[in-house]
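Examining the three-dimensional arrangement
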Amino acid sequence: LDHDISIEALDEAFRTIRYNNTTFASMDQAMRRETVNPDKMTGGMYKELVQTYIATLKECLTTPENPGPIYESIHFPDEELDTEIFEREPARQEELRKRREVP
């Protein structure tokens, strides 16, 4: 997946939320008249969570061309942004993948 966010990581996060949090599990799957929020369709709260989660991830993505406000905030206003971290990141991610591989 782009930006080194694997589909497996997203799947695990959403599955954990769905089945370990009653707000998004049984309470969100209840019949509309019995649900916590009767204005939403069955599964509507979970759908909204997923959309918000993905939107937030996209807002946090950084690139050398657009490092984003979080990365910019660790530099002084007139300081040139050091984007060397973006050059080292692919190698670091590859090393992490190799460590996670099961022999």
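The structure contained in this document is the topic of the report that follows. Residue numbering note: each chain is counted from 1, following its sequence as written. Thresholds applied to this predicted model are a pLDDT of at least 70 for local features of residues and 80 or more for the giving and counting of side-chain atom pairs; totals over whole chains, interfaces and linings are not thresholded and use all residues. Note that water and hydrogens are dropped before the side-chain values are worked out from all heavy atoms of the structure.

**Some remarks on the side chain of histidine 75**
Each helix is a run of H or I in the DSSP string that is no shorter than four residues. Each strand is a run of E no shorter than two, and both are numbered from the N terminus. With respect to the helices and strands, histidine 75 occurs in the loop between helix 4 (68–73) and helix 5 (84–100). Accessibility expressed as a relative area gives 14% for histidine 75, which makes it buried. Those residues within four positions of histidine 75 in sequence are excluded, and the remaining contacts are Glu80, Leu81 and Asp82. Each residue gets one of three labels from its accessible area relative to the maximum for its type: buried under 20%, exposed over 50%, partly exposed in between, using a 1.4 Å probe on protein chains only. We call two residues in contact whenever any of their non-hydrogen atoms come within 4.5 Å of each other.

**A word on the environment of glutamate 59**
If you trace the backbone, glutamate 59 turns up in helix 3 (residues 44–60). Separated by ten residues in the primary sequence, glutamate 59 and proline 69 place their C-alpha atoms 9.7 Å from one another.

**Section: the nonpolar core**
Counting residues in hydrophobic clusters, the biggest one holds six residues: Leu10, Phe14, Ile17, Phe24, Met45 and Tyr46. Going through the elements one at a time, helix 1 (7–20) and helix 3 are the ones with two or more residues in this core. Per element, the largest residue contribution to this core is three residues, and it comes from helix 1. When residues no more than four places from it in sequence are discounted, the contact partners of isoleucine 17 are Phe24 and Leu49. Think of a nonpolar core as a cluster: buried Ala, Val, Leu, Ile, Met, Phe, Trp, Tyr and Cys residues, connected wherever their side-chain atoms sit within 4.5 Å.

**Thoughts on the pattern of salt bridges**
Within this document, salt bridges are pairs made up of a side-chain nitrogen of Lys or Arg and a carboxyl oxygen of Asp or Glu, the two lying within 4 Å of each other. A full pass over the atoms with the stated rule returns five salt bridges. Notably, a salt bridge pairs arginine 15 with aspartate 11, separated by 2.5 Å at the nearest N-O pair. Placement of the pair is arginine 15 and aspartate 11 together in helix 1, with a separation of four residues, close to one helical turn. Residue aspartate 11 is classed as partly exposed on the basis of its relative accessible area of 40%. Its salt-bridge partner being glutamate 84, residue arginine 88 comes within 3.0 Å of it at the nearest N-O pair. In this pair, arginine 88 and glutamate 84 are both assigned in helix 5, four residues apart and thus about one turn of the helix distant. On the basis of relative accessibility, which here comes to 47%, the residue arginine 88 falls in the partly exposed class.

**Notes on the packing of helix 1 against helix 3**
As a rule, the C-alpha atoms of each element are fitted with a line to give its axis, helices using only the stretch in contact, and angles between N-to-C directions run from 0 to 180 degrees. Here helix 1 crosses helix 3 at 145°, and the two axes come no closer than 11 Å. Read as a crossing pair, helix 1 and helix 3 show a hand that is right-handed. For the pair helix 1 and helix 3, the contacting residues are Leu10, Ala13, Phe14, Ile17 and Arg18 in the first and Tyr46, Leu49, Val50, Tyr53, Ile54 and Leu57 in the second. Each residue gets one of three labels, nonpolar for Ala, Val, Leu, Ile, Met, Phe, Trp, Tyr, Cys and Pro, charged for Asp, Glu, Lys and Arg, and polar for the others, Gly among them. Residue composition of the contact of helix 1 with helix 3, by class: ten nonpolar, no polar and one charged. Crossing handedness follows the turn of the near helix against the far one: under a right angle anticlockwise gives a left-handed crossing, and clockwise gives a right-handed one.

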